[in-house]
Each structure stands twice: as structure tokens, then as C-alpha cells.
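Single-letter residue listing:
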Amino acid sequence: MESLKDDLLAAAPGRVRFGEPMRLHTSFHIGGPAEIWAEPQEPEQLRALLAVAADAGLTVTMVGGGANLLVRDEGIPGLVVHLSGTGFQYLTPVRRTGTVRRTDLGTDLIAGAALPLEWLIRRAQGAGLSGVEFLAGVPGHVGGAVRMNAGTHDDEGKFHHFGDRVRELKVMNLTGQVKTLPAEAAGFGYRSSTFLSGWIVLEALLRFTPDDAGEIAARVRRLWAFKKRTQDWSAPSVGCIFKNPTSVRRTESTSGTSYRSAGWMVDQAGMKGFRIGGAIVSPRHANFILNDGNARSADVLALVEEARARVLKQFGVELETEVQILPAHPELVKG
Ligand code: EPU
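For every chain, the first residue of its written sequence is number 1, and the numbers climb from 1 along that sequence. Local features are withheld for residues below a pLDDT of 70 in this predicted model, meaning they are given only at 70 or higher, and side-chain atom pairs are given and counted only at 80 or more; totals for whole chains, interfaces and linings count all residues.

Tell me about the confidence of the model for the chain, residues and numbers included.
Per-residue confidence from the predictor is reported as pLDDT, which spans 0 to 100. Confidence in the prediction of the chain, expressed as mean pLDDT, is 91, and 90% of residues score 70 or more. Across residues 249-258, where pLDDT falls below 50, the model places 10 contacts with residues more than four positions away in sequence or in other chains. Each residue gets a C-beta atom placed from its backbone, and two residues are in contact if those atoms lie within 7 Å.

Written out as C-alpha cells, the structure reads:
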């Protein structure tokens with residue numbers, strides 16, 4: 001174990017911790033310890049960490065901004081990697097030659113995987129580049145937004161997906177091999193990027209549309225206000241806990257509120273305000289589960305099962321979780 005520790009610390013000096021509480025790294029503020037937590041600052045540190053993990057037979061789990069994660073109370077065995085630092089947090093024009101003024105940025109920018117979405121929105125807005133306003137209020141990073149194909153509909157009902165903005169991705173696999181993929185090779189779908197499994201996103205080449213900075217700012221404000229009005233931001237959560245079932249999306253519209261989103265069904269099933277331990281179904285938006293400050297992962301999972309059972313009984317629909325549960329397979333949980 002001592003030599004493993006030494007090897008990990010040599011791979012990412014000062015950036016490896018043991019037994020790191022995952023509640024510090026998730027928007028839910030829930031989760032047991034990561035056995036080994038590493039924050040590589042640039043791709044070579046990442047490659048070195050992966051090599052140590054492969055030699056030691058450690059499982060590797062990637063964690064981005066933690067905005068869509070439910071970590072089990074038992075924690076995550078093996079190596080948990082969180083890209084951080086300027087080596088992963090850049091936003092640069094595609095042409096790197098010469099001095100580039102803000103007004104010369106062009107419409108394509110390369111965003112590092114650990115760039116917080118909030119920074120991306122602000123920098124794009126400042127440069128008069130439109131296309132990521134819909135991410136307003138999403139507390140994640142670029143890498144996670146790619147993997148999840150983060151999406152939303154705006155206050156006019158129009159759908160936006162992060163994958164639509166991606167032109168190319170630079171990715172690394174667990175053996176340290178790096179390649180560049182066109183967006184089509186990611187297999188973007190609703191809250192998914194099927195073909196990226198097994199690959200770590202290092203950076204994304206994003207395409208924007210030039211627009212007036214003031215107009216962009218107004219759209220960001222409007223979208224943010226729309227989310228604050230319709231969703232529950234009063235306590236830690238992961239946003240929507242269930243995916244909207246694609247088969248029954250927008251099938252009913254006799255009144256404005258009757259389309260069968262997951263939130264609508266969980267609401268109809270009488271779950272608003274339902275509590276298990278420290279986890280509560282939001283009284284405001286039934287697809288939000290809130291942590292009252294004392295929730296355990298087990299409380300949330302029990303609430304998820306209760307909601308799934310009720311919706312199945314009432315609507316015959318099997319809800320699928322949108323939140324990523326770690327470890328994904330309970331058999332990996334240490335006893
Ligand atoms: N509704 C209810 N009761 C509820 C919740 C919703 O009747 O408790 C009704 C609403 O009135 C509305 C419909 O259900 O008619 C849909 O609700 P909403 O407009 O809030 O959208 P959603 O489908 O629940 C989706 C995304 C959100 C995204 C919003 C806004 C999914 C799973 N959710 O929510 O994404 O922010 O649209 O664009 O696709 C997330 O991914 O974490 C997330 C919050």
C-alpha cells in the first residue's frame with residue numbers, strides 16, 4: 001500500500017487524498033468516501049495516474065462537477081479522478097497563433113473538460129457568442145455536460161442539447177491513448193453519449209453563433225429566472241432525478257400542465273412533500289429530491305424506489321433515473 005501511495009503521489013504531486021468524503025464534491029452534498037481521490041492538473045498527470053491504477057488493478061471512476069451524481073453511503077472503491085486546474089479549465093480560440101483579441105475569437109472555441117459551465121456562459125456572453133445560454137443554472141463542468149448531453153427546454157418550449165454545440169472532442173482512454181473524435185462519433189442522445197463510455201473527455205471544440213452580448217445576457221437572465229420560477233433551488237439536489245420517458249413525452253396537452261413528464265407523473269402519484277429520512281420530494285417540482293441537510297444516499301434511493309413503484313402502478317411507466325448512481329453496481333460496494 002505504501003508503494004501504491006508513493007506512486008499515486010508521484011503521478012499527481014499534492015493532488016491525491018485518501019478517504020475523501022464525496023459529499024464535498026456533489027451538488028447533493030451526499031456520499032461516502034472515495035477510497036482514493038485524485039485531482040490531476042493536466043493530461044500527463046492524468047495519464048500517469050491511470051497507469052498506476054492499471055498496474056494496481058484499481059477501478060477508475062471519473063467525477064466532473066458532481067452536479068448529477070448520487071454517491072452511495074458506502075463510498076466509491078478504487079481511484080476517483082476529478083480533472084481540475086488550468087490544464088483542464090481553459091477556453092481558447094481554435095487558432096492559437098498570435099495575439100487574439102476578444103473580438104477576434106471567431107465562432108469556434110475549445111473548452112477544457114473541467115471548465116465550469118458558469119464560466120463558459122459568462123466568457124461566451126462577453127465575447128458576443130451565443131449557444132450555451134440554456135445551461136444557465138446548471139452547476140456542472142464541460143466534461144460532464146458532454147457525457148450527459150446536458151439539455152433543457154427554454155421558456156418557449158424549444159429544446160437545446162449541449163451535444164448540438166460540440167464539433168469535436170479530444171478524449172483519452174484508460175490506457176492513456178488520446179484521440180480526436182467528430183461529434184457524430186459520440187452517439188449523443190437524450191441525456192447520453194453512448195459511444196463515449198470508456199473514454200475520458202479532455203476538451204470539446206464548441207461552435208457558437210455571433211450575437212449581441214446584451215441580447216445573450218438578457219436570454220441568460222430569462223432562462224435562469226424561468227428555472228428558478230419552475231424548479232426548486234431551496235436545498236441541495238441534483239436537478240431532475242428521473243429522465244422524462246421518451247415514449248410518453250408530450251403526448252397529452254389538453255391543459256398546459258398535463259404533458260407526461262416524469263415530474264408530472266410523480267406529482268400525480270401524490271409524492272410531493274413525501275419524505276424518507278433526510279430526503280424529500282420537492283413540494284414545488286416533483287422530479288426534484290431535496291437533501292434537508294441530513295439525507296443519506298439510502299434515503300434518496302428509497303424515495304426513488306417509492307416514486308418508481310407508484311408511477312409504474314398508476315401509469316404503467318418505468319421511470320429511469322437521470323442521476324448517475326456511484327458505484328453503478330451495488331456489488332462493487334465494499335461491505
Ligand atoms: N409538472 C407538474 N408537476 C411537477 C413538475 C412538473 O405538473 O411537480 C409539469 C409542469 O407544469 C410542466 C411539465 O410537468 O407542464 C414539465 O415540467 P418542467 O417544465 O419543469 O420540465 P421537466 O420536463 O420536468 C426538463 C428537464 C430539466 C430542465 C427543464 C427546463 C428532464 C428530465 N428535465 O424538466 O432538466 O431544466 O426541462 O428546461 O429532461 C435536469 O436535467 O436536471 C433538469 C432539471
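Let us keep going from here.
How would you sum up the domain arrangement of the chain? Please name residues and give values.
Domain extents, as shown, originate in an automatic or database domain assignment. Assigned domains of the chain: these are domain 1 (2-84), domain 2 (91-219) and domain 3 (232-326). If you look at the interface, domain 1 gives 15 residues, while domain 2 gives 15 residues. Among the elements that line the side of domain 1 that touches domain 2, the one with the most residues is helix α2 (residues 43-56), at 6 residues. Charged residues are taken to be Asp, Glu, Lys and Arg, nonpolar residues to be Ala, Val, Leu, Ile, Met, Phe, Trp, Tyr, Cys and Pro, and polar residues to be all remaining types, Gly included. When grouped by side-chain class, the residues that make up the side of domain 1 that touches domain 2 number 9 nonpolar, 5 polar and 1 charged. Strands are runs of DSSP state E lasting at least two residues, helices are runs of H or I lasting at least four, and both sets are numbered from the N terminus onward.

How would you sum up the sheet that holds strand β19 (residues 289-291)? Please name residues and give values.
Only strands that DSSP links by at least two bridges are regarded as paired with each other. Across the sheet, which stays open at both edges, the 3 strands sit in the order β17-β18-β19 with antiparallel pairing between neighbours. Of all the strands in the sheet, the pair left with one neighbour each is β17 (275-276) and β19. For strand β18 (residues 279-281) and β19, the ladder comprises 3 bridges, and the chain directions are antiparallel. Directly across from Val-281, in β19, lies its bridge partner Ile-289. Strands in contact with helix α7 (residues 297-315) are β17, β18 and β19; relative to β18, the strand with the most contacts, it is inclined by about 30°. Note on geometry: axes are C-alpha line fits, over the in-contact stretch for helices, and angles between N-to-C directions span 0 to 180 degrees.

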